[in-house]
Amino acid sequence: ELFFQREEWFRQHNLPYRRGYLFWGAPGNGKSATIRVMAAHPYIQPYTLDLSDSEEKSKDVLRMFETAAHNTPALIILEDIDRAFPNEGKRTQERAVSFQTLLNCLDGVGSQDGVIVVATANDPTCLDPAILRRPGRFDRVVQFRNPDADLRRQYYKRLSPTLTGEPFEVAIEQTERFSFAQLRETYILGSQSAFEHGRDVGVADVIEAIELQAAGAL
């Protein structure tokens, strides 16, 4: 919202009116959900391409950036770029061509006014340094961490305010290093178990689901 509100300010100060965001972190902590919210903005025309597709070609990447540049304000979405464009030692020759095209787009078409590029990566250390170290390709790098104890507590209470007490605190400790998606799954599984027994979901149901999750049963 602030980016759109500051368009005139950007132009008055001769600053490029564009943004590049890189969201990174373990799966299940909201990277894709955040992008869906961005893409739903009434001002934005979103564009994306399945970079995991082995048939993806350089011309498809270039066409997407060119189309976005002619339909601004536009949002270009590049998910899982650490898999699609790993460091040089892991790239195939075909991917190397597309990778160079991506860099050219980020430096050229992608830098045009009104274009926002948002990319996701689970592990940024796998990304080629050319993506991360060149200023202007991604202005903001945001980590989506696994929730700490306080956030896990808040999240469970949003799902069910009745989850309280000492056993609940045990559950919070047991979910250390869980993602938000894993927390949600434990609550769903616990709720299903409670339903089968004809009762409202309780802490014991969630703890049982947590133990199953930790044991790899889900």
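Please read these numbers as outputs of a predicted model, since none were measured by experiment.

Engineer: Before we go on, may I ask you to explain the nonpolar core in this structure?
Structural biologist: Residues F65, L78, I81 and I131 are the most contacted members of the largest nonpolar core, which totals 25 residues. Where this core is concerned, the elements lending two or more residues are α4 (58-69), β3 (74-78), α5 (81-84), α6 (93-107) and β4 (115-121). The element best represented in this core is α6, accounting for 5 residues.

Engineer: Please clarify how the packing of aromatic side chains should be interpreted in this entry.
Structural biologist: Centre-to-centre distance and the angle between the planes together describe a pair of aromatic rings. Taken as a whole and judged by the stated rule, the model has 10 aromatic pairs. Consider the rings of F3 and F10, whose centres lie 5.7 Å apart with planes at 75°: the pair is edge-to-face. F10 shares its class with F3; the two are buried. Considering the side-chain rings of F3 and Y17, the 4.4 Å spacing of their centres and the 5° angle between planes classify their relative orientation as stacked. Placement of the pair is F3 in helix α1 (residues 2-5) and Y17 in the loop between α2 (7-12) and β1 (19-24), with a sequence separation of 14 residues. Here F3 falls in the buried class, since its relative accessible area comes to 10%. One aromatic cluster in this structure is built from F3, F4, W9, F10, Y17 and Y43.

Engineer: Sorry if this is basic, but what is going on with the packing of helix α9 (residues 166-174) against helix α11 (residues 203-214) here?
Structural biologist: Working note: a packed helix pair is described by the angle between its axes plus the distance between those axes. For the pair α9 and α11, the least separation of the axes is 10 Å and the interaxial angle reads 20°. Classified by the angle their axes make, α9 and α11 are roughly parallel. Crossing of α9 over α11 shows left-handed handedness. Here α9 contributes P167, F168, A171 and Q174 to the contact with α11, which in turn contributes V203, I207, I210 and E211.

Engineer: How do you make sense of the pattern of salt bridges when you look at a structure like this?
Structural biologist: Any two side chains of opposite charge can pair, on the condition that their charged atoms come close. The tally for this structure, following the rule as stated, stands at 8 salt bridges. A salt bridge links R11 to E7; its shortest N-O distance comes to 2.8 Å. With R11 and E7 both in helix α2, this residue pair falls 4 residues apart, about one helical turn. Residues D150 and R153 are paired through a salt bridge, measuring 3.7 Å at the closest nitrogen-oxygen approach. Remark: R153 and D150 occur in helix α8 (residues 149-159); sequence separation between them is 3 residues, near one turn of the helix. Under the relative-accessibility criterion, D150 is labelled partly exposed at 41%. On the basis of relative accessible area, R153 is assigned to the partly exposed category, the value being 24%.

What counts and how
Just so you know, the residues in each chain are numbered from 1, in the order the chain's sequence is written. Totals for whole chains, interfaces and linings use all residues, but because this is a predicted model, local features are given only for residues with pLDDT of at least 70 and pairs of side-chain atoms are given and counted only at 80 or more. As a convention, hydrogens and water are excluded, and side-chain values are obtained from all of the structure's heavy atoms. Buried residues of nine kinds, namely Ala, Val, Leu, Ile, Met, Phe, Trp, Tyr and Cys, make up a nonpolar core once their side-chain atoms join them within 4.5 Å. Exposed residues in this analysis have more than 50% of their type's maximum accessible area, buried residues have under 20%, and partly exposed residues fall in between, with area computed by a 1.4 Å probe over protein chains only. Helix and strand assignments come from DSSP, with helices taken as H or I runs of at least 4 residues and strands as E runs of at least 2, each series counted from the N terminus. Pairing of aromatic rings covers Phe, Tyr and Trp, the last through its six-membered ring, and needs centres within 6.5 Å; plane angles under 30 degrees mean stacked, over 60 mean edge-to-face, and all others mean tilted. Only C-alpha atoms enter the line fits that serve as axes; for helices the fit covers just the stretch in contact. Angles between N-to-C directions range over 0 to 180 degrees. Small angles under 35 degrees read as roughly parallel and large ones over 145 as roughly antiparallel, with 65 to 115 read as roughly perpendicular and the rest as oblique. Crossing chirality is assigned from the near helix's rotation relative to the far helix, an anticlockwise turn below a right angle marking it left-handed and a clockwise turn marking it right-handed. In what follows, a contact means two residues having at least one pair of non-hydrogen atoms within 4.5 Å. Any Lys or Arg side-chain nitrogen located within 4 Å of an Asp or Glu carboxyl oxygen qualifies as a salt bridge.

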